[in-house]
Amino acid sequence: MVYFVQNVFATLLLVSAMTSAFLPAQLARPMSTRVGENSLYASSADTPAVLPDFASKEAYMEFLKGVSGLPKGFATGTASGKFIAKEAPAMGPLPIKGTVIHLTEGPTDNWAAVFTSNKFPGAPVIVGRKRLSSGGPLNALVINNKVSNVCSGGDGVGDSEMVCEAVASALKLEGGAATVLPSSTGVIGWRLPAKELASDVVPEAIKNLDATSGSDAATAIMTTDRWPKLRSKTLKSGARLVGIAKGAGMIEVSWNYCCGVYFSWIFLSNGMNGFCL
C-alpha cells in the first residue's frame, strides 16, 4: 500500500510510521541476520526509540547511512541542478534538488492519499488529487525542493506534469506520467523550473537510483531543515519500514511546509506481496 498526504503550500507525504516507537539500539539487529521473503536487499539496522547525541554532523550522517536500508522493491535517486528564478533574476543561478523514488518491481494499485482541507492548494496537490481519483496505479514519485509550485502565476499543474512526464519517459513506465506522483516544497510564488528539472535534474536522479539506502533522499528533500530526518523499523516478521521527512517553520496545521515518504515491503501469508509508500 502507498500512503500519500499533501498539504496546502507543499507536498506532504505523511509518514504514518514516523511517530511510532522503534527498537532500542541494543535490540536492533542487522537485516543480514534475517531471512525469508521479507529480507532486505541490503543489511541495515533500525533507528532507536531515542536518538543518541552526535559529536558532529558527519557522525550523524554516518549513523543515518547505517539505519537507512530500503525495503525490497524501492530505489531512490537524487541530483542537483541550477535555475534562475524569473521572479528574482538578480539572485543569479540558484540550486535545486530533485529526488525520484521508483517502485522497482512494478506499479502498485495499493496506495491511498489524504490531502489538505485548505481551499487554496498548490499544483502538486491538484495533480495528486487527480491521480487518486483516477484509481490508477503508482510507479514513481518525484520530489523537488527550493520551489513549492504554489501561487506561481503560471501553469503550475502543467509544470508538475512536465516533470512527471520526464520521470515516466526516463524510466519507460508503461502507464506514463499518470503513474508518477509529484511533490514540491520551497519558496511560494515562484514558477517551478520545470524545464531544468525535466531535462537536467530528473535524468541524473534516475541514473543515481540506489536500492540500498534512503539517506540521500532524506537530505535532498530538505529546504530550511538543519538536519535530514529518517526513521526505520523492522518487524518480527522481517517486514521493513523506512520513513523520511522534511519540515521546518510550521505556521499552521493547514499550511505545513512538510514532505515525507514511507516505504515498506511486506510478504503476506497468502503469498501476496504488499508495497507501502
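Analysis parameters
Residues numbered from 1 in each chain as written. Predicted model: local features only at pLDDT ≥ 70, side-chain atom pairs only at ≥ 80, totals over all residues. Heavy atoms only, no water. Helix = DSSP H or I, 4+ residues; strand = E, 2+ residues; numbered from the N terminus. Expected span 1.5 Å × (residues − 1). Bend = angle between axes of the 7 residues up to and from the residue. Buried < 20%, exposed > 50% of the residue type's maximum accessible area, 1.4 Å probe, protein only. Contact = heavy atoms within 4.5 Å. Salt bridge = Lys/Arg side-chain N within 4 Å of Asp/Glu carboxyl O. Phe/Tyr/Trp six-rings, centres within 6.5 Å; stacked < 30°, edge-to-face > 60°. Axes fitted to C-alpha atoms, helices over the stretch in contact; angles between N-to-C directions. Parallel < 35°, antiparallel > 145°, perpendicular 65-115°, else oblique. Left-handed = near helix turned anticlockwise from the far one by under 90°. Nonpolar A, V, L, I, M, F, W, Y, C, P; charged D, E, K, R; others polar.

### Digging into helix H4 (residues 194-207)
Relative to the 20 Å expected for 14 residues at 1.5 Å per residue, H4 spans 19 Å between its end C-alpha atoms, a close match to the ideal helical length. Along H4, the sharpest change in direction is near 40 degrees and occurs at Val201; proline Pro203 comes one to four residues later. Inspection of H4 places Ala194, Leu197, Ala198, Val201, Val202, Ala205 and Ile206 among the buried residues, and these make up the whole buried set. Buried residues along H4 sit against strand S2 (74-83), strand S3 (94-103), strand S5 (140-144) and helix H3 (156-171).

### A short note on the pattern of salt bridges
In the structure shown here, the tally under the stated rule is 6 salt bridges. Here Arg131 ties to Glu161 by a salt bridge, and the two come within 2.8 Å at their closest N and O atoms. Here the residue Arg131 occupies a position in helix H2 (residues 123-134), and Glu161 occupies one in helix H3, the gap between them amounting to 30 residues. Look at Glu161 and you get buried, because its relative accessible area is 17%. Residue Arg191 pairs with Asp159 through a salt bridge whose shortest N-O separation is 3.2 Å. With Arg191 in the loop between strand S6 (180-184) and H4 and Asp159 in helix H3, this residue pair connects regions lying 32 residues apart in the sequence. A relative accessible area of 6% means that Asp159 is categorised as buried.

### Here we look at the packing of aromatic side chains
Counted according to the given criterion, the structure contains 4 aromatic pairs. Here the aromatic rings of Phe54 and Phe63 are separated by 5.1 Å at their centres, their planes lie at 50 degrees, and the arrangement is tilted. Ring plane angle 70 degrees and centroid distance 6.4 Å describe the contact between Phe83 and Trp190, whose orientation is recorded as edge-to-face. Placement of Phe83 in strand S2 and of Trp190 in the loop between S6 and H4 is noted, with a sequence separation of 107 residues between them. A single burial state applies to Phe83 and to Trp190, both of which are buried. A network of ring pairs unites the aromatic residues Phe54, Tyr60, Phe63 and Trp227 as a single cluster.

### Some words on the packing of H2 against H3
Close contact between H2 and H3 brings their axes to 8 Å; oriented N to C, the two are set at 65 degrees. Taken together, the axis directions place H2 and H3 in an arrangement best described as roughly perpendicular. Our pair here, H2 against H3, has a crossing hand that is right-handed. Counting all contacts with H2, which are made through Ala123, Pro124, Ile126, Val127, Lys130 and Arg131, the residues of H3 involved are Gly156, Val157, Ser160, Glu161 and Cys164. Its residues placed into classes, the contact of H2 with H3 shows 6 nonpolar, 2 polar and 3 charged.

### A few points about the environment of Ile101
Relative to the assigned elements, Ile101 resides in strand S3. With relative accessibility at 0%, the residue Ile101 sits in the buried group. The sequence separation of Ile101 and Thr76 amounts to 25 residues, and the corresponding C-alpha distance is 4.5 Å.

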